[in-house]
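# Remarks on the overall topology
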Amino acid sequence: MQINYDIHYRRCRAVFPNTFLGRSITGLGTRETIRALRQSDLQEFYDTHYTPANMSAIVIGELTLAQAVAALENSPFGEYKPGIRSPKPDVITAPPPPTEAEYRFHEGEHYKDRSSATFATTAQLRGTVPSRIPDIVEGMVGKQLFKVIRLEKMWTYSVGCGIQSLGDFYEFSASCSALNTDAIEQISDTVTNCIESVRQQPDVFEEV
């Protein structure tokens, strides 16, 4: 739905400014870029990147190497096609800091009979951080969010955080779905306090 697209697009621009992640919502592109595509663009992309230098063939079965080569030579893989290996993109070593922004959408204008709220906050972590560290932080923050927002305040049934590796970055998020609408004005500060309080909980670190 359009509201989901808008939310995702604004989040990417705020969290990953001046990077490809801030411009790309999906691998398919945007409506504008899709409408602007021409057949010649697709052909050029195919000719440039779909070359033998960019491909690997994996053969599984009771074949000798000579039999496998012969089978490939008699298939489209055996046809000559010029081209070079596409260069790998440069690693972003100095990512720009995220822009702090808050967006509010009235979901009732898009979903019929919606009587609850949804909250989400997202941050960027450098992709050079060892993967085990963000996993531990995710576990610690998730426990604190569950303890405060669900058990103590009883604002929602579903609350937690997640982390996703995007190559040069990790995307770290905390979210509450089916949130009590009375909590809208307090939820942002409460989540921030939960994250801050994790610093003073060595026992939770040991547990995770």
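Structure shown above.
Before going into details, it helps to say that this report is about the structure given with it.

## Some points on the sheet that holds strand 1 (residues 117–126)
- Taken together, three strands build an open sheet; the order of strands is 1-3-2 and the sheet is antiparallel. The sheet terminates laterally at strand 1 and strand 2 (158–165), the two strands that pair on one side only. Each neighbouring strand pair of the sheet contributes to a mean axis angle of 15°, computed without reference to strand direction.
- In this sheet, strand 3 (residues 169–179) lies alongside strand 1 in antiparallel orientation, the contact comprising nine bridges. Along strand 3, the bridge assignment pairs A117 with L179.
- Helix-sheet contacts for helix 5 (residues 132–152) involve strand 1, strand 2 and strand 3, and the interaxial angle to strand 2 is about 165°.

## Structural notes on the packing of aromatic side chains
- With the rule as written, the count across this model stands at three aromatic pairs.
- For the pair Y5 and Y9, a centre-to-centre distance of 6.2 Å together with 35° between the ring planes defines the contact as tilted. One end of the pair is Y5 and the other is Y9, both in helix 1 (residues 2–15) and four residues apart, which spans about a single turn.
- Aromatic pair Y46 and Y50: ring centres 5.1 Å apart, planes at 20°, arrangement stacked.
- Here R13 stacks its cationic end above the ring of Y9, 4.4 Å away from the centre of that ring.
- The ring of Y157 has R150 sitting right over it, with the charged end atom 4.1 Å from the ring centre.

## With respect to unusual backbone geometry
- Of note in this structure, N18 is not a glycine but carries a positive phi near 60°.
- Here N18 shows up in the loop between helix 1 and helix 2 (31–36).
- A positive phi angle is found at M154, which is not glycine, with a value near 55°.
- Among the structural elements, M154 can be located in the loop between helix 5 and strand 2.

## Let's talk about the pattern of salt bridges
- For the coordinates displayed, the defined rule picks out five salt bridges.
- Two residues, E102 and R104, come together in a salt bridge whose shortest N-O distance is 3.1 Å.
- In this structure E102 comes out as exposed when scored by relative accessible area, which is 57%.
- With its nearest N and O atoms 3.1 Å apart, the salt bridge here joins E207 to K143. Of this pair, E207 sits in helix 7 (residues 202–207) while K143 sits in helix 5, and the two are 64 residues apart along the sequence.
- You can call E207 exposed: its relative accessible area is 55%.
- Of the residues examined, K143 reaches a relative accessible area of 39% and is grouped as partly exposed.
- In the salt-bridge network here, residues are joined through shared partners; they are E102, R104 and E185.

## Some details on the nonpolar core
- Counting 21 residues, the largest nonpolar core has L145, I149, C176, L179, I187 and V191 as the members making the most contacts within it.
- Broken down by secondary-structure element, the contributors of at least two residues to this core are strand 1, helix 5, strand 2, strand 3 and helix 6 (184–197).
- For this core, the leading source of residues is helix 5, giving six residues.

## A short note on the packing of helix 5 against helix 6
- Between helix 5 and helix 6, the shortest axis-to-axis distance is 9 Å and the interhelical angle comes to 130°. Taken together, the axes of helix 5 and helix 6 are oblique relative to one another. As helix 5 runs across helix 6, the sense of the crossing is right-handed. Two secondary-structure elements touch here, helix 5 through V141, Q144, L145, V148 and I149 and helix 6 through I187, T190, V191, C194, I195 and S197.
- When its residues are assigned to classes, the contact of helix 5 with helix 6 shows eight nonpolar, three polar and no charged.

## Remarks on helix 5
- For helix 5, built from 21 residues, the straight-helix expectation of 30 Å at 1.5 Å per residue is met to within 8% by its first-to-last C-alpha distance of 29 Å.
- Within the span of helix 5, buried status applies to P134, I136, M140, V141, G142, Q144, L145, V148 and I149.
- Looking at the buried residues of helix 5, the elements they touch are strand 1, strand 2, strand 3, helix 6 and helix 7.
- One or two positions beyond helix 5, positive phi appears at M154, with a value near 55°.

The rules behind each value
Residues numbered from 1 in each chain as written. Predicted model: local features only at pLDDT ≥ 70, side-chain atom pairs only at ≥ 80, totals over all residues. Heavy atoms only, no water. Pairing = 2+ DSSP bridges. Helix = DSSP H or I, 4+ residues; strand = E, 2+ residues; numbered from the N terminus. Axes fitted to C-alpha atoms, helices over the stretch in contact; angles between N-to-C directions. Contact = heavy atoms within 4.5 Å. Phe/Tyr/Trp six-rings, centres within 6.5 Å; stacked < 30°, edge-to-face > 60°. Lys NZ or Arg CZ within 6 Å of the ring centre and 35° of its normal. Salt bridge = Lys/Arg side-chain N within 4 Å of Asp/Glu carboxyl O. Buried < 20%, exposed > 50% of the residue type's maximum accessible area, 1.4 Å probe, protein only. Core = buried A, V, L, I, M, F, W, Y, C linked by side-chain atoms within 4.5 Å. Parallel < 35°, antiparallel > 145°, perpendicular 65-115°, else oblique. Left-handed = near helix turned anticlockwise from the far one by under 90°. Nonpolar A, V, L, I, M, F, W, Y, C, P; charged D, E, K, R; others polar. Expected span 1.5 Å × (residues − 1).

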